Amino acid sequence: MSNDAATAEAEGTAEAATPVPEPIPHGLGASLPPADARAKTEGTFPYAADLWAEGLLWAAVLRSPHPHARIVSIDTTHAREMPGVRAVVTHEDVPGTPLHGRGAHADRPVFASDVVRHHGEPLAAVAADHPDTARMAAAAVIVEYEVLDPVTDPEQAFEAEPLHPDGNLIRHIPLRHGDPEAAGEVVVEGLYRIGRQDPAPIGAEAGLAVPRPDGGVELYLASTDPHGDRDIAAACYGLSPEQVKIVVTGVPGATADREDQGFQLPLGLLALKTGCPVKLTATREESFLGHTHRHPTLLRYRHHADAEGRIVKVEAQILLDAGAYADTSSDALAAAVAFACGPYVVPNAFIEGWAVRTNNPPSGHVRGEGAMQVCAAYEAQMDKVAKKLGLDPAEVRLRNVLATGDVLPTGQTVTCPAPVAELLQAVRDFPLPALPKDTPEDEWLLPGGPEGAGEPGAVRRGVGYGIGMVHMLGAEGADEVSTATVKVQDGVATVLCAAVETGQGFTTLARQIVQETLGVDEVHVAPVDTDQPPAGAGCRGRHTWVSGGAVERAAKMVRTQLLQPLAHQFGMSTELLQIADGKITSYDGVLSTTVAEALDGKELWATAQCRPHPTEPLDEAGQGDAFVGMAFCAIRAVVDVDIEIGSVRVVELAVAQDVGRVLNPAQLTARIEAGVTQGFGIALTENLRTPRGLIRHPDLTGYALPTALDTPDIRIVKLVEERDVVAPFGAKAVSAVPVVASPAAVASAVRAATGRPVNRLPIRPQAAVATGT
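Predicted, not measured: the structure shown is a model, and the values here were computed from it.

Asker: Could you give me a rundown of helix α13 (residues 542-569), with the residues and numbers involved?
Answerer: Compared with an ideal rise of 1.5 Å per residue, which puts 28 residues at 40 Å, α13 spans 40 Å between its outermost C-alpha atoms and is within 8% of the ideal. Helix geometry: α13 is bent most strongly at leucine 563, by close to 35 degrees, with proline proline 565 lying one to four residues after it. Backbone geometry just after α13 places glycine 571 at a positive phi near 65 degrees.

Quick look at the structure:
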């Protein structure tokens, strides 16, 4: 071999060995990694619990040990006299409006004054120079109580003495649709109970308050609705909104708990009173006591069907336990009543829904609130109809499923894509997992785990279905609006939007939108604070739709600014130019340049808003166009149940979902899997027990969260991309509806395995023991 040949071969080998860098994901439809992924994995992400300030004081909150009591007196003398204590505040130190709350109901006091209404209600807060001193001083506040009998049964709340000046009934919605005299050949009934789920955040609540020279205060919080929190705080502090600034710190995920202000408001009071920065980091016990939970619900159902299994009429009573305060119970009840019949065509529906106050811990927004509870009930009813008629449960559902153009029991026509039949068929036809072998080597497949007490011969397999639906954005006339600004300078784009990244992936989506629209690779999303225009709360997929829509509109305005000079130069409209892969080209190929060359040192920016079409409140008969859009999901659960001891192992959950458009495949998959897992917890393990209103075992030892070892195989078998024409990008929210459908699917599968009705979530072992064993 010649030297030249050898050299060429060596060079070729070297070139072949050099790894070719993979292209960086770009624009919508790509699996762009989260911008904060590295910081979170390295431990440098700025969570609220990590914040510090010069001259920092530490806060602690005194909470009621009783669910219901009259406050005779509060003596803070001993606490104030302790060395190192800088301030003690009670209800007497709230200078402004003493009440706060979400939605239209501001009914929760910052500190209890006359009456304690739930276990863990705040009574006083302390600021001291050391966290231990603050906790000891809080414990030194002497409160004399007259203990009262708690009202913990929501059914008793109707007849009980008023627990609140506003009474015990928060809202009643009667829904009337169709002919009340309609009847079917088959009638099935059921009584169902859904337990109290806690959001159980991995990172407990924390915050920092810093007084300002103008007499105001800055709050550094993991807030999901900074402008809403600012306005409530300002009213409580007796300040103008301009004097209160909220800076959003890193949010360690949010499924409800970040919306509670019981941790936030005392901080600002203490900072204003001491003139020093004050920090509060809640313990796990305080976290359980302080934030809101999923509404425990009692549901009574009666379904009428014809001989073919088609639903003729649904009658239902739905009772939500709101706990001590209203919070978002009105919204949850509206969703429960509106979706009480599920994604099925029901010509006649008569629903009664109530939300009532009790002395139980407060309930609030948790993914799929209202919709999740009724899904468990109406899917149980569909199983009963199938069993009574001797039909396949999936077939009965297919004969009744909703489609675009059908009418909900609220009278609203479904105008968005509703491919419910396609979703159900996809999970029904997906191959079933293999059956476990009855051998010692496969004992790990037993429901009880590797050391399970069960016998393989007692294990029965069951297959069940759950079909869920949720609404997106707010409802019943909520003004949904978001504002965003996009700036481009020196080839770098910056997005300013007060939409909080709670784990739903908004910051990643915003980067992808700007990349897609402007062809700029480097995109930064600015930190969120209340100096920016409001974007609303981070729930129900709002920010994908409303804030993403605002970012898109602002980016398109900047795009026009970028392209107009080129279009004018070549005598064409900007619509004839396109941006792709960092290049600007015309339809005829005459113009071809790069985005960097077109920018050439320019600074371009634009601000835009997105406001979906308005909705209306439900009227006195439960009728009205209350929702902007809806999303659907079908899940098939496969379970193994030891019918002698009642242990349940979920083998597989097959998911088909209506997503509108896939904007980030990896992110979407993660959101669906997370939602399914959260619903799995509701089905089998999660239940915050509150005997006589007292939270029992407020810790992660007593509250059974599913772990990675508990989680079954999750198979996403189909994603239906039928774009919603009224939504930006045509995309739909994806994380809430799997939470709604998966508990119903698991319960349905346990029903199939055992023959038992399974009318309570989470499923208790005695409910999974087959009849006659």
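Asker: Explain the confidence of the model for the protein chain residue by residue, including any values.
Answerer: Per-residue confidence for the protein chain gives a mean pLDDT of 89; residues scoring 70 or more make up 93%. Every residue in residues 1-17 scores below 50 in pLDDT, and together they form two contacts with partners more than four places removed in sequence or on other chains.

Asker: Lay out the packing of aromatic side chains with the relevant residues and their values.
Answerer: Applying the stated criterion across every chain yields a total of six aromatic pairs. Relative to tryptophan 354, the ring of phenylalanine 158 lies with its centre 5.9 Å away and its plane at 80 degrees, an arrangement referred to as edge-to-face. A residue pair is termed long-range when its members are at least 10 positions apart, and phenylalanine 158 in the loop between β8 (142-147) and β9 (169-177) and tryptophan 354 in strand β17 (residues 348-357) qualify at 196 residues.

Asker: Let's hear about the packing of helix α15 (residues 665-684) against helix α16 (residues 736-754): which residues, and what values?
Answerer: The N-to-C vectors of α15 and α16 enclose an angle of 45 degrees; their axes lie 7 Å apart at closest approach. Between α15 and α16, the crossing angle belongs to the class labelled oblique. When the axes of α15 and α16 are compared, the crossing they make is right-handed. When α15 is examined against α16, the residues Ile672, Gly675, Val676, Gln678, Gly679, Phe680, Ile682, Ala683 and Leu684 are found in contact with a partner set consisting of Pro738, Val739, Ser742, Pro743 and Val746. Tallied by class, residues from the contact of α15 with α16 come to 10 nonpolar, four polar and no charged.

Asker: Which residues make up a negative patch on the surface, and what are the values?
Answerer: A surface patch of like charges, here negative, comprises Glu616, Asp619, Glu620 and Asp625. Here glutamate 616 shows up in the loop between β25 (603-610) and β26 (627-642).

Asker: Go over the sheet that holds strand β23 (residues 583-586), please, and point to the residues and values.
Answerer: Strand order in the open sheet formed by three strands is β22-β23-β24, and the pairing between neighbours is antiparallel. With one partner strand each, in any of the chains shown, β22 (577-580) and β24 (592-594) form the two edges of the open sheet. If you compare each strand with its neighbour and ignore which way they point, the axes differ by 25 degrees on average.

Asker: I'd like a description of the state of the cysteines, backed by residues and values.
Answerer: Summed over the entire model, instances satisfying the criterion amount to zero disulfides. A disulfide-free cysteine, cysteine 375 has its sulfur positioned 9.1 Å from the sulfur of cysteine 633, the nearest such atom. Judged by relative accessible area, which is 0%, cysteine 375 ranks as buried.

Asker: Tell me about the environment of glutamate 501, and please be specific about residues and values.
Answerer: By the element assignment, glutamate 501 lies in the loop between β20 (492-497) and α12 (506-518). The buried category is assigned to glutamate 501, whose relative accessible area is 16%. Considering only alpha carbons, one finds glutamate 501 and valine 734, 233 residues apart in sequence, at a separation of 15 Å. Residue contacts for glutamate 501: discarding those within four places in its chain leaves Asp36, Val251, Phe506, Thr507 and Thr508. From its side chain, glutamate 501 meets the backbone nitrogen of phenylalanine 506 in a polar contact 2.7 Å long. Among the polar contacts made by the side chain of glutamate 501, one reaches the main-chain amide nitrogen of threonine 507 at a distance of 2.9 Å.

Asker: Help me get a handle on the packing of α12 against α13, residues and values and all.
Answerer: At a minimum axis distance of 9 Å, the contact between α12 and α13 shows a crossing angle of 30 degrees. By the angle between their axes, α12 is roughly parallel relative to α13. Between α12 and α13 lies a crossing whose hand is right-handed. Only His543, Thr544, Ser547, Gly548, Val551, Glu552, Ala555, Lys556, Val558 and Arg559 of α13 make contact with α12, whose side of the interface consists of Phe506, Leu509, Ala510, Ile513, Val514, Thr517 and Leu518. Of the residues contributing to the contact of α12 with α13, the split by class is nine nonpolar, five polar and three charged.

Asker: Outline unusual backbone geometry, listing residues and values.
Answerer: Here the amide bond leading from leucine 761 into proline 762 is cis, since omega sits at 0 degrees, within 30 degrees of zero. For proline 762, the location among the structural elements is in the segment after β29 (760-761). One non-glycine residue, aspartate 327, adopts positive backbone phi at about 50 degrees. Take aspartate 327: its relative accessible area is 11%, and that puts it in the buried class. Positioned with a positive phi, valine 758 is a non-glycine residue whose angle comes to about 50 degrees. Tracing the chain through its elements places valine 758 in the loop between α16 and β29.

What counts as what
Residues numbered from 1 in each chain as written. Predicted model: local features only at pLDDT ≥ 70, side-chain atom pairs only at ≥ 80, totals over all residues. Heavy atoms only, no water. Helix = DSSP H or I, 4+ residues; strand = E, 2+ residues; numbered from the N terminus. Expected span 1.5 Å × (residues − 1). Bend = angle between axes of the 7 residues up to and from the residue. pLDDT = per-residue confidence, 0-100. Contact = heavy atoms within 4.5 Å. Phe/Tyr/Trp six-rings, centres within 6.5 Å; stacked < 30°, edge-to-face > 60°. Axes fitted to C-alpha atoms, helices over the stretch in contact; angles between N-to-C directions. Parallel < 35°, antiparallel > 145°, perpendicular 65-115°, else oblique. Left-handed = near helix turned anticlockwise from the far one by under 90°. Nonpolar A, V, L, I, M, F, W, Y, C, P; charged D, E, K, R; others polar. Patch = residues over 30% accessible without salt bridge, like charges linked within 9 Å, V, L, I, M, F, W, Y side chains within 5 Å. Areas by Shrake-Rupley, 256 points an atom, 1.4 Å probe, with all protein chains shown as cover. Salt bridge = Lys/Arg side-chain N within 4 Å of Asp/Glu carboxyl O. Lys, Arg positive; Asp, Glu negative; His and termini not counted. Charge placed at Lys NZ, Arg CZ, Asp CG, Glu CD. Pairing = 2+ DSSP bridges. Disulfide = S-S within 2.5 Å. Buried < 20%, exposed > 50% of the residue type's maximum accessible area, 1.4 Å probe, protein only. Polar contact = N/O pair within 3.5 Å; in protein donor to acceptor, adjacent residues only side chain to side chain.

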